[in-house]
Every structure is written in C-alpha cells, then in structure tokens.
Amino acid sequence: IVATGGAVSDKTVRECEVMRRALMACGVPETSVLEEPDAFDTVGNMICSMAALYRRGQVAGIRRVTIVTEPFHMRRSLLLAQSLLP
C-alpha cells in the first residue's frame, strides 16, 4: 500500500503519516505500507508513488491498482492512472 502525500493543509503533519497510522489501526502491518511524503497534489501523488515503487523494484510485479481517494479527486485520479501507469 502506498500512502502518499506531504504536509499540505497542516504544514506540521504529512498526509502519508496520517494514512499509515490509520491503516495500521485497521490491522495492516507496518511493513505493508510505503510512505511517499513528496507529493502535494493529485498529479504528484501518482508520479511520486510510481517513483517510490520503481526505487524499490516493485513496479514489474504490479498487475492491478486500486486507488483510494476522496470523491472530489477520483475522476482526476482515474484519468491520471490510465495515462501514467504502465
């Protein structure tokens, strides 16, 4: 799971950290969560997440992607994923 997002609205809290804590509270093992703290918008989320996966050598094994976001961001996220993801 890639938890992506930098400190956007509250400059002291990175969105990826908040997501990681929420996932772990739901029982997701910490080792299953990759934090990506550099993105500040939807395009950045997609690009920085892919870069983080490339650095870990994990892109080749990806066959399917599930995007979890707010309804406001979903349409843009799906269009970006279709054009950016391998």
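Just so it is clear, the structure is predicted and the values come from calculations on it, not from any experiment.

(A) Structural context of the side chain of Arg-20. Examined against the element boundaries, Arg-20 turns out to sit in helix H1 (residues 15-25). Judged by its relative accessible area of 18%, Arg-20 is buried. Discounting chain neighbours no more than four positions away, the residues touching Arg-20 are Ala-3, Glu-30, Val-33 and Glu-35.

(B) Looking closely at the pattern of salt bridges. Scanning the entire structure with this criterion turns up three salt bridges. For Arg-14, the salt bridge identified is with Glu-17, shortest N-O distance 2.8 Å. Measuring nitrogen to oxygen at the nearest pair gives 3.6 Å for the salt bridge that ties Arg-14 to Glu-35. One end of the pair, Arg-14, is in the loop between strand E1 (2-4) and H1; the other, Glu-35, is in strand E2 (residues 34-36), and 21 residues separate them in sequence. Relative accessible area serves as the criterion here: at 31%, Arg-14 is assigned to the partly exposed category. Taken together, the shared-partner salt bridges in this structure form one network comprising Arg-14, Glu-17, Arg-20 and Glu-35.

Parameters and conventions
- Residues numbered from 1 in each chain as written.
- Predicted model: local features only at pLDDT ≥ 70, side-chain atom pairs only at ≥ 80, totals over all residues.
- Heavy atoms only, no water.
- Helix = DSSP H or I, 4+ residues; strand = E, 2+ residues; numbered from the N terminus.
- Buried < 20%, exposed > 50% of the residue type's maximum accessible area, 1.4 Å probe, protein only.
- Contact = heavy atoms within 4.5 Å.
- Salt bridge = Lys/Arg side-chain N within 4 Å of Asp/Glu carboxyl O.

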